[in-house]
Amino acid sequence: MDSPAPASIDPPVSITGRGPRGHWVPGLVFCTVGMGIATVVASALPMVSALLVAIMLGAVVANTMAVPAVLTPGVLLAAKPVLRAGIVLLGLQVGLQEILGLGAPMMLTVVVTVGVGILTTLWIGRRLGVPPAQRLLIACGFSICGAAAVAAVEGVTDAEEEDVAVAVGLVVVFGTLMIPSVPLLSGLLGLDGNQAGLWAGAATHEVAQVVAIGGTLGPGALAAAVVVKLARVLMLAPVMAVLAWQVRRAAGAAEKPAGTLPPLVPLFVVGFVSMMMLASTQVVPAAVLEGAQTLESMCLATAMFALGLGVRVRSLLKVGARPVVLGAVSTVIVACTALTGVLLAS
């Protein structure tokens, strides 16, 4: 007699904190294995980041096999606390000296790019009829730091699972398209290596995608791209604080219990800023920084695999063309704003 098939997660693995209760070890081990595979694949492909491989691998798994429901608690752990731990550790890679070294014009470019990207994406999304939560996730994901920003916004606003999956999927698609596009357009526009690197960092969604672009442009361009991108990551703190304040104000107007309100500044954002300040003191030994960077990469790749498990092609197809159009328009707006700032700054 055949044994019953294992229960599968349908709808897909929830990455918003809702799902069956159970022990988290199986799901976390599963995501860790996914991270390990992604790391091995990325090591064989120098121009591809483990984070990008991880999120795409998770999406492939989610769309080609039945994921047992017993894995859900661990996947939730990887998609939220592990992700936030990675963001906190990322702060050690963002030294104030490096950011200030960009100069006032380039720092202004970063601020304007993030601000224009978020505001115009929200406005166009409203015109297109994209739901409020979905357009906010897309706006912040495309303007700040990709899937990590999407997950951070979800933690503040408690967006629906489908909205998060759509935003993450769009970040992967359009951010990946930027990898060949930025070097090609940089050549056509006559940008030098430094300008191309600055543009890549200011315009591309994911840190991993920026690294992939910078690697094709050369060592100098890679360094410039990463520093500018980390400056954009730094914008995560004030943006999350503003969003949390708006949610609290709206909840107060609706007279919701205080215990249901998000913190004004999420704890992981406080941790990120604290690590950044610690890195700026230059007292942390290089070996510790190197170990923290490795752990950060492992945390983020594990989380990206978990987020990828929430990306279902069927769900993306159901939402229609409007979010896809919004993602395309947002990418163009952020890229054009960033390019204008880079040209003016240089």
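Quick notes on helix α13 (residues 267-280)
Then step 1. A rise of 1.5 Å per residue sets the reference length of α13, with its 14 residues, at 20 Å; its end C-alpha atoms lie 20 Å apart and thus fit the reference within 8%.
Then step 2. Residues of α13 that are buried include every one of Phe268, Val269, Gly271, Phe272, Met276, Ala279 and Ser280, and no others.

Details of unusual backbone geometry
Then step 1. A positive phi is found at Gln282, a non-glycine position, where the angle reads about 60°.
Then step 2. Tracing the backbone through its elements, the reader meets Gln282 in the loop between α13 and α14 (286-308).

A closer look at the packing of aromatic side chains
Then step 1. Scanning the entire structure with this criterion turns up two aromatic pairs.
Then step 2. When the ring of Phe30 is compared with that of Phe305, the centres are 5.6 Å apart and the planes differ by 65°; the resulting orientation is edge-to-face. With Phe30 in helix α1 (residues 25-44) and Phe305 in helix α14, this residue pair connects regions lying 275 residues apart in the sequence.
Then step 3. Classification of Phe30 as partly exposed rests on a relative accessible area of 24%.
Then step 4. On the basis of relative accessibility, which here comes to 2%, the residue Phe305 falls in the buried class.
Then step 5. Arranged with centres 6.0 Å apart and planes meeting at 55°, the rings of Phe142 and Phe174 form a pair that is tilted.

Observations regarding the confidence of the model for the protein
Then step 1. Taken over all residues, the pLDDT of the protein has a mean of 81, while the share at 70 or more is 86%.
Then step 2. A low-confidence stretch, residues 1-21 (pLDDT under 50), is modelled with 53 contacts involving residues beyond four sequence positions or located in other chains.

Some details on helix α8 (residues 161-189)
Note on helix geometry: an α-helix contains 3.6 residues per turn, so any two residues three or four positions apart are oriented the same way.
Then step 1. Along its 29 residues, α8 runs 40 Å from first to last C-alpha, staying within 8% of the 42 Å computed at 1.5 Å per residue.
Then step 2. Helix geometry: α8 is bent most strongly at Ile179, by close to 35°, with proline Pro180 lying one to four residues after it.
Then step 3. Following α8 by one or two positions, Gly190 adopts a phi angle in the positive range, close to 75°.

Each value, and the rule that gives it
Residues numbered from 1 in each chain as written. Predicted model: local features only at pLDDT ≥ 70, side-chain atom pairs only at ≥ 80, totals over all residues. Heavy atoms only, no water. Helix = DSSP H or I, 4+ residues; strand = E, 2+ residues; numbered from the N terminus. Expected span 1.5 Å × (residues − 1). Buried < 20%, exposed > 50% of the residue type's maximum accessible area, 1.4 Å probe, protein only. Phe/Tyr/Trp six-rings, centres within 6.5 Å; stacked < 30°, edge-to-face > 60°. pLDDT = per-residue confidence, 0-100. Contact = heavy atoms within 4.5 Å. Bend = angle between axes of the 7 residues up to and from the residue.

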